[in-house]
Amino acid sequence: MRRGIQRFLHSDQGLSLMYAPALCLFLLFVAYPLLSGIHISFTNWNGYSQKYAYIGFENYSKLMADPRFKKALLNTLVYGFGSALLQNMFGVLYALLLNMKFGSRMLVRTVIYMPVIVAQLIMGYIFYFLVQYDGGAFNDLLAAIGLEPVDWMAEGRRAVWIITAINAFQFVGTSMIIYLAGIQGIPPSLQEAATIDGAGAWGRLRRITLPLLIPAITTSFMLNLIGGLELFAVVISLTSGGPGFESHSMSSLINYFYFENQNAGYAAAIGLITFILVLTVSWVMMNVFRKREVEY
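Residues numbered from 1 in each chain as written. Predicted model: local features only at pLDDT ≥ 70, side-chain atom pairs only at ≥ 80, totals over all residues. Heavy atoms only, no water.

**Some words on the packing of helix H5 (residues 67-98) against helix H12 (residues 214-229)**
Packed helix pairs are characterised by how far apart their axes lie and by the angle those axes make with each other.
Reasoning step 1: Direction vectors running N to C along H5 and H12 enclose 145°, while the axes themselves pass 7 Å from each other. Crossing of H5 against H12: the hand is right-handed. Where H5 approaches H12, its residues Thr76, Leu77, Tyr79, Gly80, Phe81, Ala84, Leu85, Gln87 and Asn88 are matched on the opposing element by Ile217, Ser220, Phe221, Asn224, Leu225, Gly228 and Leu229.
Reasoning step 2: Of the residues assigned to the contact of H5 with H12, the class counts are nine nonpolar, seven polar and no charged. (Axes fitted to C-alpha atoms, helices over the stretch in contact; angles between N-to-C directions. Helix = DSSP H or I, 4+ residues; strand = E, 2+ residues; numbered from the N terminus. Left-handed = near helix turned anticlockwise from the far one by under 90°. Contact = heavy atoms within 4.5 Å. Nonpolar A, V, L, I, M, F, W, Y, C, P; charged D, E, K, R; others polar.)

See below:
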């Protein structure tokens with residue numbers, strides 16, 4: 001009997017059982033909440049009551065005409081693509097710099113990466129005390145040099161770009177690590193051959209380093225993009241979506257309608273649209289980058 005069990009465990013059917021725990025967790029924590037959210041999005045449930053009614057596509061039709069949703073959608077795209085562009089641009093620059101041999105480079109890498117390990121909510125509160133109008137560190141510096149204080153988060157567009165910059169600052173260390181690994185994986189012989197052929201630093205970067213970094217760029221950009229599209233904690237801690245609804249992301253708007261407006265059905269509809277947005281944008285960008293990958 002023991003041998004029979006051993007033979008079964010080493011068979012294809014036995015190995016398939018190893019997927020069962022992961023499959024159960026996926027069904028419990030991903031598939032079920034997703035299907036439940038889709039179900040709720042067709043109701044007028046307030047999130048608390050035991051009673052609700054099915055209202056069809058009414059929540060979705062309201063979304064299409066809701067200026068708050070349209071603003072949050074635009075902000076979400078800015079948070080996603082803006083953060084990804086900033087993180088990857090500075091991530092490449094940091095990686096190129098820290099790939100050089102100089103003293104204390106490990107310390108510099110650590111300092112750049114440290115914000116990654118800070119919770120996003122905490123990072124938001126840290127910057128809140130920097131940018132607040134009364135007693136904020138930035139305004140104290142302006143006052144020290146004789147300039148008028150600035151209400152940094154009072155204007156919606158500026159608040160959106162400040163949040164985007166904060167998110168990029170926090171997670172640029174992740175991009176730096178990915179690019180460092182990519183750069184160190186490029187065979188030195190290619191760089192040496194290009195140098196012998198007369199290529200300068202810019203030529204080697206443009207013709208060798210960046211093309212061979214496309215897989216790393218794909219990984220880094222997709223991680224940054226998805227993180228930006230799902231941005232929530234920094235928005236809540238800095239502005240709570242204000243002024244008005246000017247800096248809401250899709251995720252923070254879900255929080256507003258579910259907990260503050262007690263409209264769980266509407267929030268679930270926004271959540272489903274957010275899921276489709278992240279999935280679609282990620283798929284499109286993944287294919288764009290995959291077509292540009294090269295081999296060596």
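Moving on from the model shown.
**With respect to unusual backbone geometry**
Reasoning step 1: The omega torsion of the bond from Gly242 to Pro243 falls at 0°, within 30 degrees of zero and hence cis.
Reasoning step 2: Following the sequence through the fold, Pro243 ends up in the loop between helix H13 (233-238) and helix H14 (250-260).
Reasoning step 3: Even without a glycine there, the phi angle at Ser240 is positive, about 55°.
Reasoning step 4: Mapped onto the secondary structure, Ser240 falls in the loop between H13 and H14.
Reasoning step 5: The backbone phi angle of Gln262 is positive, close to 50°, even though this residue is not glycine.
Reasoning step 6: Take Gln262: it is sitting in the loop between H14 and helix H15 (264-290).

**Describing the pattern of salt bridges**
Reasoning step 1: Under the counting rule described, the total for this entry stands at three salt bridges.
Reasoning step 2: Note that Lys62 and Glu58 form a salt bridge whose closest N and O atoms lie 3.3 Å from each other. Within this pair, Lys62 and its partner Glu58 are both found in helix H4 (residues 58-65), separated by four residues, close to a single helical turn.
Reasoning step 3: Residue classification places Lys62 among the partly exposed positions, given a relative accessible area of 44%.
Reasoning step 4: A residue is classified by how much of its surface remains accessible, and Glu58, at 35% relative accessible area, is partly exposed. (Salt bridge = Lys/Arg side-chain N within 4 Å of Asp/Glu carboxyl O. Buried < 20%, exposed > 50% of the residue type's maximum accessible area, 1.4 Å probe, protein only.)

**Digging into the packing of aromatic side chains**
Reasoning step 1: By the definition in use, this model includes 13 aromatic pairs.
Reasoning step 2: Their ring planes at 75° and their centres at 4.8 Å tell us that Phe257 and Tyr266 sit as a pair that is edge-to-face.
Reasoning step 3: Among the residues examined, Phe257 registers a relative accessible area of 1% and is labelled buried.
Reasoning step 4: Grouping aromatic residues by their ring pairs yields a cluster made of Phe245, Tyr256, Phe257 and Tyr266.
Reasoning step 5: It is Arg68 that lies over the ring of Phe245; its NZ or CZ is 5.4 Å from the centre. (Phe/Tyr/Trp six-rings, centres within 6.5 Å; stacked < 30°, edge-to-face > 60°. Lys NZ or Arg CZ within 6 Å of the ring centre and 35° of its normal.)

Shape is all these values report; function is a separate question.
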